[in-house]
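Here are the chains, one letter per residue:
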Amino acid sequence: MRARSADLPVKIWKASAACPTAMPLPSSVWQPLLRASALSALGETVELSGLSVLISEVVAPKHADQSDIARRALMAASIRMPDREACAGQLATAVERAKDVKTKITLLEIVAAVAGKKALATIGTAAKSDDAELQDAGSRLLGSWTTEDAAPVLLDVAKSPKG
C-alpha cells in the first residue's frame, strides 16, 4: 500500500525516532512536506466557512512551490461541498478579485467542476470578457459542460460581439 502525502511527515518522524543515530532532516526538507500535507488534509476536511483559506492559497500562495497542491486541495474541497451554489459564489468572487489571468482561469476550472447555476453564470461572464484568454477558457469550459443548461449561455456567448 502506497503512503499518502499526509502520512509522510509522520513516517519521517517515526523513522527518525526508530533510528536515533540517523542524521535529522533539516527543516528545509520537512517543512515543505508538512505544508503539502496540511493543504491536502485541508482539502479533504474543510467546510464551506473555511474555504477562503484554500482560495487564498491559490490566489496568493505563500510558497510558490505549493501552488499546485493548493489548487488540487481547493478542487477537492469544492467538489465535495454540500452547498454547491454557495461554494461557486465564493469562487466567483475570487475570480472577480484575482489580478492575473492565469489565476482567474485556474479558479474558473474549479468553478466548472462545482457546476450549478452560479458556476454557469460565472463561466459565461468569463466567455464574454474583454480578455482573449478568459474568453477562450470560458468557451472551452462551457463547451465541456455536461448538462443542457449550458446551451442558452453558449448561444448568448456566440451572439455577443466579444464571443
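Above: the structure in question.
As a further point, take the overall build of the protein. Looking only at helices and strands, the protein has 9 helices and 0 strands in total. Taking all 163 residues of the protein together, 35% fall into the buried category. The long-range fraction of contacts in the protein, counting pairs at least 24 apart against all pairs at least 6 apart in sequence, stands at 62%. As displayed, the protein offers around 9,800 Å² of accessible surface, 59% of which is attributable to carbon and sulfur atoms.

For the rest of this paragraph, the subject is the environment of Ala121. One can find Ala121 in helix H7 (residues 117-127). For Ala121, a relative accessible area of 43% gives the class partly exposed. Considered as a pair, Ala121 and Ala88 are 33 residues apart in the sequence and their alpha carbons are 9.9 Å apart.

By the element assignment, Gly50 lies in the loop between helix H2 (27-45) and helix H3 (51-59). Overall, the relative accessible area of 18% leaves Gly50 in the buried class. Residues Gly50 and Ala77, 27 residues apart in the sequence, show an inter-C-alpha distance of 9.9 Å.

Moving on: the nonpolar core. In terms of nonpolar packing, the biggest core is built from 39 residues, with Leu51, Leu74, Leu91, Leu107 and Ile123 touching the most fellow members. At the level of elements, H2, H3, helix H4 (67-79), helix H5 (84-97), helix H6 (101-114), H7 and helix H8 (132-143) are the ones that each hand at least two residues to this core. Take this core: its biggest share by element is 8 residues, from H6. Not counting the four nearest positions on each side in its chain, Leu51 is found in contact with Val46, Leu74, Ala77, Ser78, Met81, Cys87 and Gln90.

So, on to the packing of H6 against H7. Put simply, H6 and H7 touch, their axes get as near as 8 Å, and they point 145° apart. Where H6 crosses over H7, the two elements pack in a sense that is left-handed. Here H6 contributes Leu108, Val111 and Ala112 to the contact with H7, which in turn contributes Ala119, Thr122, Ile123 and Ala126.

Let's shift gears to H6. An ideal rise of 1.5 Å per residue puts 20 Å on 14 residues; H6 measures up with 20 Å between its terminal C-alpha atoms. The buried count for H6 comes to 11 of 14 residues, which makes it a mostly enclosed element. Along H6, the positions that sit buried rather than exposed are Val101, Thr103, Lys104, Ile105, Thr106, Leu107, Leu108, Ile110, Val111, Ala112 and Val114. Contact partners of the buried residues in H6: H3, H4, H5, H7 and H8.

Cut-offs used in this document
Residues numbered from 1 in each chain as written. Predicted model: local features only at pLDDT ≥ 70, side-chain atom pairs only at ≥ 80, totals over all residues. Heavy atoms only, no water. Helix = DSSP H or I, 4+ residues; strand = E, 2+ residues; numbered from the N terminus. Buried < 20%, exposed > 50% of the residue type's maximum accessible area, 1.4 Å probe, protein only. Contact = heavy atoms within 4.5 Å. Areas by Shrake-Rupley, 256 points an atom, 1.4 Å probe, with all protein chains shown as cover. Core = buried A, V, L, I, M, F, W, Y, C linked by side-chain atoms within 4.5 Å. Axes fitted to C-alpha atoms, helices over the stretch in contact; angles between N-to-C directions. Left-handed = near helix turned anticlockwise from the far one by under 90°. Expected span 1.5 Å × (residues − 1).

These figures capture arrangement, not role.
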